[in-house]
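The primary structure of each chain is shown beneath.
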Amino acid sequence: MRAKLTTLSTRNFEPADQAYEIVDTELKGFLMRVQPTGLKTFYYSYRNSDGRRKRIKIGPLGPSLTLAQARDKATSLAGKVADGTDVQADKIEGRQKAKETLKGTLGRFLEEQYQPWALANHKSGQNTINIVKASFPDLLALPMSQIQLKRMERWRTEKIQLDRKATYVNRCVNALRGVITKAVEWEVLEEHPLKRLKNLKVDEGRKARYLSSDEEFKLLAALKERDDELKKARARGNEHRAERDYPLLPDLSHLAYADRMTPMITLSLKTGMRRGEQFDLMWSEVDLINNVITVNGATAKSSKTRHIPLSPLAREVLGKWRGQCGLNEARVFPADDGGRLDNVKSSWTTILKKAGITQFRWHDMRHDFASKLVMRGVPLNTVRELCGHASLNTTLRYAHLAPDHKADAVALIG
């Protein structure tokens, strides 16, 4: 039968004596198969370049796969088919290659099969690979079927006894679990050895770290002092070079900022942008006329494009930074070689020390931005949109900072 697949309709389709299928009227090739057992599974059906009808399994409807997620995957598959890719043939070829060459070893699967896929399909792919290699070096030579529940429970206990936080332990285990999940999907493994392993409980209501008014004043003052010191140091260095007939380095005295750190930190505080989003930000995405920044979905963690208005301070700082960068359409904050910046840890640590601020990470500037919006009565859903949170649950951690009448209103929506 043909019908539009919606959250309500997928729930209302009842099992019959024989399996049947519902073909979505909205997305060509997207369908759901209902088994007599009640299992509902999504597929994508297409014709390959030879005109042969094929289908690829997306997965069963359930807690780990919603209708929206299945539709997104089907849309992605449709795009690949439009480009001439036989997605089912690719899946079969990858499965056979994995079985033949990897022999189920975690290390070889990670290097030869998972890594190429993760780097091509996930922004955090390299991070996942790094976590697994660093956290579980003793498992790399083992067949994945031998990574049993008892072994992981023992690993977690050891980490907790070393005072590692539950969030850290969960992050490491979930990275490993994600790698093994792909092995199951590609049928390298028949069953997930960690499927019954639950995450450690963490305090979801923990307080967000944000700057007091005094701390923010000290941070901005430290940035100004740092810029002045760097300019003076450059002037002294050029005097030294001139005396010895060495080539002079670019003069910084006439510039608004000695380097990228003041504009980057100001932008983080006043827009809540993630560090990686700033590393990827292009001047073409900064509108200084309408005072808005566009965070491109291709570089955003949520994969969704969002627009952030610029506060007067952020607009002023970016305008000055633009003036000293020149009229190009390259990155707003490039590395020294012009490529993508990937680390500001050393400079950030020095700035915090100069400002006398402790226990404040770069990412906490996002918390500072969100917290201060909520404290000024901005609705939580607006904060969610500005920060690019995937769900309101993430934003609700700031609800306790809202004025009482706002917190009461949020409570009404559950």
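Let me begin by describing the structure that accompanies this report. Model, not experiment: these values are computed from the prediction.

## Considering helix α8 (residues 213-243)
Consideration 1: With 31 residues, α8 extends 46 Å from end C-alpha to end C-alpha; this agrees with the ideal 45 Å at 1.5 Å per step.
Consideration 2: Listed in full, the buried residues belonging to α8 are E215, E216, L219, A222, L223, R226, D227, K231 and N238.
Consideration 3: In this structure, the buried side of α8 is in contact with α9 (261-271), α12 (345-355) and α13 (364-375).
Consideration 4: Following α8 by one or two positions, D245 has its phi on the positive side, about 60 degrees.

## A few points about the nonpolar core
Consideration 1: Within the largest apolar cluster, 50 residues are counted, with the highest numbers of intra-cluster contacts made by I265, L267, V286, I293, L318, V332 and W362.
Consideration 2: When residues of this core are traced back to their parent elements, those giving at least two are α8, α9, β7 (292-295), α11 (312-325), α12, α13 and α14 (380-387).
Consideration 3: Apart from the residues lying within four places of it in its own chain, the contact partners of W362 are M261, M264, I265, S268, R275, Q278, V344 and W348.
Consideration 4: Counting 30 residues, the second largest nonpolar core, distinct from the first, contains L110, I131, V169 and V173.

## Topic: the environment of F360
Consideration 1: Topologically, F360 is positioned in the loop between α12 and α13.
Consideration 2: Relative accessible area serves as the criterion here: at 4%, F360 is assigned to the buried category.
Consideration 3: Sequence-wise, F360 and K304 are 56 residues apart; in three dimensions their C-alpha atoms are separated by 27 Å.
Consideration 4: Residue contacts for F360: discarding those within four places in its chain leaves R209, Y210, L211, W348, L352 and M365.

Definitions and limits used
Residues numbered from 1 in each chain as written. Predicted model: local features only at pLDDT ≥ 70, side-chain atom pairs only at ≥ 80, totals over all residues. Heavy atoms only, no water. Helix = DSSP H or I, 4+ residues; strand = E, 2+ residues; numbered from the N terminus. Expected span 1.5 Å × (residues − 1). Buried < 20%, exposed > 50% of the residue type's maximum accessible area, 1.4 Å probe, protein only. Contact = heavy atoms within 4.5 Å. Core = buried A, V, L, I, M, F, W, Y, C linked by side-chain atoms within 4.5 Å.

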